[in-house]
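Structure at a glance
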Amino acid sequence: MTNASPTVYPYRLRIPGPISVPERVRQANAKPVVNHRGAEMRAILGEIQRLIKPLFGTQAPVLTFGSSGTGVMEASLVNVLAPGEKVLALVHGQFGERYAQIARALGAEVDVIESEWGQVPDPQQVAASLDKAQYRAVVTVHNESSTGAVTDLAGIGALLRDRDTLFLVDSISGLAGMELRQDEWGVDIAVTGSQKALMCPPGLGFASVSDKARKVIDRDDRCSRFYFDMRKALAGVDNNETAFTCPVSLLFGLHEALTMIHEEGLPQVFARHKRLSDALRAGCVALGLPAFGDQAAASRTVVVASVPEPLTGGAIVKHMYENYNTVIAGARNKLSGKVIRIGTMGQISEADILTDLHYLERTLTALGHDVPTPGCGVAAAMASLR
Ligand SMILES: Cc1ncc(COP(=O)(O)O)c(C=O)c1O
């Protein structure tokens, strides 16, 4: 329940996904459903392939599933693993932990390189592990939404290019807000979801598949798989068909979202995400909430700010919601209480982050935190935007 008047304070979804869906996308989602195997749907699926590949930085096929992000993380593993094979999981936050858990659930033997949360995996450590064991896959998270740290995919991919080991990457909260160059960086399967920088409602998962990965996927000795069997999905992709009934309405919306991204221009989209995340981070710092983690690897799609004691992230989140109808995120993991997280992805503008900072200042003041000078958060953000 919210106490804030919804007319004075309209609902603002400012978490790092799902994000607020633009009106154009919502209109497209509402179009009449067509035959999922007819000419109209094939045309849309073909256009989606053409428009989405540059976001992955790949020429490889991009497979579409009705799924959350976790589903396509599982799909990436179930298609390449046989039980008992080894996986090297590079963990620097909650979603890296999840990738490792999925691999274990599928019967893999999982070695973990854990970096301090807020830091990023170190390619040299990865190189040392690769010399000691034969891994079927290295798995990691591009943009760790729980900490706001961005992995050096190029550095790790370069280590795997001449090995049999595959490189599987969760770019669920990175893709479309930050550069991903799958082919150049040597990523074999990149997965993402619709509800983040792709600006759609939740429900679509995507996986792009390199030739190197495809050779492994095609083997019959992999884990048992059915719905997520990429062999079935790959068989139809060139004819713009999906193996099973595709989420027609969500795909109409995705097509619109991709059109919007290309109208703005991919470099411009990435630059806007960087500009706004830098400004929001500067505003948080000015308010007395230091940026969390390694700032050389700072995310462009989520701002993670440390919360000084005796404040707690939970209290800030609650106050922002109850008083300003503004939904930001805390943490439900080992950073619980210690950080707040605000999404900076999708169709956002200066107005969004300046509003965030204004409400954040009022919230902090109400909670008894000494804000250095009134308006300092907004002022710092505006200085960063200039
Ligand atoms: C980096 C990352 N990976 C995986 C997931 C899980 O995606 P889903 O909740 O759609 O299953 C999320 C969701 O927030 C995420 O941010």
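Residues numbered from 1 in each chain as written. Predicted model: local features only at pLDDT ≥ 70, side-chain atom pairs only at ≥ 80, totals over all residues. Heavy atoms only, no water.

**Remarks on the sheet that holds strand β10 (residues 204–209)**
Strand order in the open sheet formed by seven strands is β2-β10-β9-β8-β5-β3-β4, with mixed pairing between adjacent strands. Where the open sheet ends on each side, the last strands, each with one partner, are β2 (62–66) and β4 (109–114). If you compare each strand with its neighbour and ignore which way they point, the axes differ by 20 degrees on average. As paired elements, strand β5 (residues 137–141) and strand β8 (residues 166–170) share five bridges and run parallel to each other. Across the sheet, Val138 pairs through a bridge with Phe167, a residue of β8. Across the sheet, helix α6 (residues 153–160) touches β3 (86–91), β5 and β8, and the angle it forms with β8 is around 160 degrees. (Pairing = 2+ DSSP bridges. Helix = DSSP H or I, 4+ residues; strand = E, 2+ residues; numbered from the N terminus. Axes fitted to C-alpha atoms, helices over the stretch in contact; angles between N-to-C directions. Contact = heavy atoms within 4.5 Å.)

**Things to note about the environment of Ala105**
Among the structural elements, Ala105 can be located in helix α4 (residues 94–105). Along the backbone, Ala105 and Glu74 are 31 residues apart, and their C-alpha atoms lie at a distance of 9.6 Å.

**Things to note about the domain arrangement of the chain**
By the assigned domains, the chain splits into domain 1 (12–16 + 266–385) and domain 2 (23–262). Relative to domain 2, the C-alpha centre of domain 1 lies at a distance of 28 Å. Taken together, the contacts link 23 residues of domain 1 with 26 residues of domain 2. The contact between domain 1 and domain 2 buries some 2000 Å² in all, and 61% of this surface belongs to carbon and sulfur atoms. At the junction of domain 1 and domain 2, the tally comes to one salt bridge. Residue Glu114 pairs with Lys334 through a salt bridge whose shortest N-O separation is 3.4 Å. Here domain 1 and domain 2 share 10 residue pairs in polar contact (both at pLDDT 80 or more) between them. Looking at the side of domain 1 that touches domain 2, the elements with two or more residues in it are α11 (266–286) and β11 (302–306). With four residues, α11 is the largest single contributor of residues to the side of domain 1 that touches domain 2. In the side of domain 1 that touches domain 2, the residues fall into 11 nonpolar, seven polar and five charged. (Domains from an automatic or database assignment. Buried area = accessible area lost by both parts, 1.4 Å probe. Salt bridge = Lys/Arg side-chain N within 4 Å of Asp/Glu carboxyl O. Polar contact = N/O pair within 3.5 Å; in protein donor to acceptor, adjacent residues only side chain to side chain. Nonpolar A, V, L, I, M, F, W, Y, C, P; charged D, E, K, R; others polar.)

**Structural notes on the site of the ligand**
Taken together, 14 residues lie near the ligand, and Ser68, Thr70, Ser145, Asp170 and Lys196 sit nearest. Between the ligand and Thr70, the relevant distance is 2.5 Å, taken from an oxygen atom to a side-chain nitrogen or oxygen of the residue. For the ligand, an oxygen atom lies 2.5 Å from a polar atom in the side chain of Ser145. Taken by itself the ligand offers 390 Å² of open surface, and the protein chains cover 85% of this. The pocket occupied by the ligand, as judged from atoms lying within 2 Å of grid points, is the largest pocket. Where the shell around the ligand is concerned, the elements lending two or more residues are α3 (69–78) and α4. If you tally residues by element for the shell around the ligand, the top one is α3, at three residues. Of the residues assigned to the shell around the ligand, the class counts are four nonpolar, seven polar and three charged. (Near = heavy atom within 4 Å. Areas by Shrake-Rupley, 256 points an atom, 1.4 Å probe, with all protein chains shown as cover. 1 Å grid on protein atoms, 1.4 Å probe; cavity = no way out; pocket = protein on both sides within 12 Å on 5 of 7 lines; lining within 4 Å. Sits in = over half its atoms within 2 Å of the grid points.)

**Here we look at the pairing of β5**
Across the five residues that make up β5, a large majority, five, are buried. On β5, burial covers both faces: Ala137, Val139 and Val141 on one face and Val138 and Thr140 on the other are all buried. Examined bridge by bridge, β3 and β5 share three bridges and lie parallel to one another. Residue pairing in the sheet places Val87 in a bridge with Ala137 of β5. (Buried < 20%, exposed > 50% of the residue type's maximum accessible area, 1.4 Å probe, protein only.)

**Considering the side chain of Glu85**
Positionally, Glu85 belongs in the loop between α3 and β3. A polar contact of 2.8 Å, which involves the side chain of Glu85, links it to the side chain of Arg222. Non-local contacts of Glu85, meaning those with residues more than four positions away in its chain, are made with Val80, Ala108, Glu109, Arg136 and Arg222.

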